[in-house]
Amino acid sequence: QGIEPDLIDAMARGLAEVRARGGRLFILGVGGGAGHASHAVNDFRKLCQIESYAPTDNVSELTARTNDEGWETSYTAWLRVSRLGPDDAVLAFSVGGGSREHNVSVNLVNALEAAREAGAAIFGVVGAPGGALARLADVAILIDPPAALRTPLVESFQAVVWHALVSHPELAARQGHWEALSARART
């Protein structure tokens, strides 16, 4: 009940527009958000037919960039090589949203700022209204759990949100395997 359905609809519409114009979806996260990014890439590619990528899926490039150039620029450099542009979008999963002031997820902050400069759409699922993600996103879905459970609940609801998106009528291009089997069994 804490997730605003209008924001899910707005994000689904925005992502459907990215697909319609032939744009790509770059999914970013750190820690648990990185794991979500990899899973979400699969779902957006398979179920929504949106060309999608996550920088954390290429461990060799990510660690080479981190070693040679620093963690703070690792995602930004990856997006630059990917030629992020105005037809594309970034979807970020973050508990706090990143903060240069608190030196938290600065690589994510830099990537979001680069996405804004490139004219790409920015979407996010975040657990803090004051971070860079909430501030820079075109659509940000804020998860507001009790402070003592912030990380586990925000990360749990991030999965709920992206699954709601990939099954959203405006975005889903096909059903999941088990849903398709169930539909066939009913006919």
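No experiment lies behind these values; they were computed from the predicted model shown.

What counts and how
Residues numbered from 1 in each chain as written. Predicted model: local features only at pLDDT ≥ 70, side-chain atom pairs only at ≥ 80, totals over all residues. Heavy atoms only, no water. Salt bridge = Lys/Arg side-chain N within 4 Å of Asp/Glu carboxyl O. Helix = DSSP H or I, 4+ residues; strand = E, 2+ residues; numbered from the N terminus. Buried < 20%, exposed > 50% of the residue type's maximum accessible area, 1.4 Å probe, protein only. Phe/Tyr/Trp six-rings, centres within 6.5 Å; stacked < 30°, edge-to-face > 60°. Lys NZ or Arg CZ within 6 Å of the ring centre and 35° of its normal. Axes fitted to C-alpha atoms, helices over the stretch in contact; angles between N-to-C directions. Contact = heavy atoms within 4.5 Å. Nonpolar A, V, L, I, M, F, W, Y, C, P; charged D, E, K, R; others polar. 1 Å grid on protein atoms, 1.4 Å probe; cavity = no way out; pocket = protein on both sides within 12 Å on 5 of 7 lines; lining within 4 Å. Points joined across faces, edges and corners; volume = space filled by probe spheres on them. Pairing = 2+ DSSP bridges.

> What should I look at first to understand the pattern of salt bridges in this one?
Pairing is possible between side chains of opposite charge, provided their charged atoms come close. Taken as a whole and judged by the stated rule, the model has six salt bridges. Here Glu-69 ties to Arg-65 by a salt bridge, and the two come within 3.4 Å at their closest N and O atoms. With Glu-69 and Arg-65 both in helix H3 (residues 59-69) and four residues apart, the pair spans about one turn of that helix. Classification of Glu-69 as partly exposed rests on a relative accessible area of 46%. The exposure class assigned to Arg-65 is buried, which follows from its relative accessible area of 14%. Across the pair Glu-113 and Arg-100 runs a salt bridge, and its minimum N-O distance is 2.5 Å. Placement of the pair is Glu-113 in helix H5 (residues 106-118) and Arg-100 in the loop between strand E3 (89-94) and H5, with a sequence separation of 13 residues. Here Arg-100 falls in the partly exposed class, since its relative accessible area comes to 42%. Salt bridges here are not isolated pairs; linked through shared partners, they connect Glu-61, Arg-65 and Glu-69.

> Which parts of the structure should I look at to understand the packing of aromatic side chains?
Aromatic ring pairs: the centre-centre distance and the angle between the two ring planes describe each pair. Under the counting rule described, the total for this entry stands at four aromatic pairs. Look at Phe-93 and Trp-162: their rings are 5.6 Å apart centre to centre, the planes differ by 50 degrees, and that puts the pair in the tilted class. Residue Phe-93 is found in strand E3, and its partner Trp-162 is found in helix H7 (residues 150-166); the two are separated by 69 residues along the sequence. With a relative accessible area of 1%, Phe-93 lands in the buried category. Through successive ring pairs, a cluster of aromatic residues spans Phe-26, Tyr-53 and Trp-78. Sitting over the ring of Tyr-53, Arg-45 keeps its end group 5.5 Å from the ring centre.

> Help me understand the packing of helix H4 (residues 74-81) against H5 in this model?
For any two helices packed against each other, the geometry comes down to the angle between their axes and how far apart the axes lie. Interhelical geometry of H4 versus H5 gives an angle of 30 degrees and a closest axis separation of 7 Å. Residues Ser-74, Tyr-75, Thr-76 and Leu-79 of H4 form the contact with H5, whose own contacting residues are Asn-107, Asn-110, Ala-111 and Ala-114. Class assignment of the residues belonging to the contact of H4 with H5 gives a composition of four nonpolar, four polar and no charged.

> Which parts of the structure should I look at to understand the layout of surface pockets?
The rolling of a water-molecule-sized probe over the atoms marks out the regions of remaining empty space. Taken as a whole, the largest pocket holds about 160 Å³ of empty space. Lining the largest pocket we find Gln-1, Gly-2, Ile-3, Leu-142, Ile-143, Asp-144, Pro-145, Pro-146, Leu-153 and Phe-157. When the residues that make up the lining of the largest pocket are grouped by side-chain class, the tally is seven nonpolar, two polar and one charged.

> Any chance you could explain the pairing of E3 here in plain terms?
Among the six residues of E3, six are classified as buried, and the element is accordingly described as predominantly covered. Burial along E3 is two-sided: Ala-89, Leu-91 and Phe-93 and Val-90, Ala-92 and Ser-94, pointing in opposite directions, are all buried. Pairing between strand E1 (residues 25-29) and E3: five bridges, direction parallel. Note on E3: the bridge partner recorded for Leu-28 is Ala-92. Judged from the six bridges that link them, E3 and strand E4 (residues 121-126) form a sheet pairing that is parallel.

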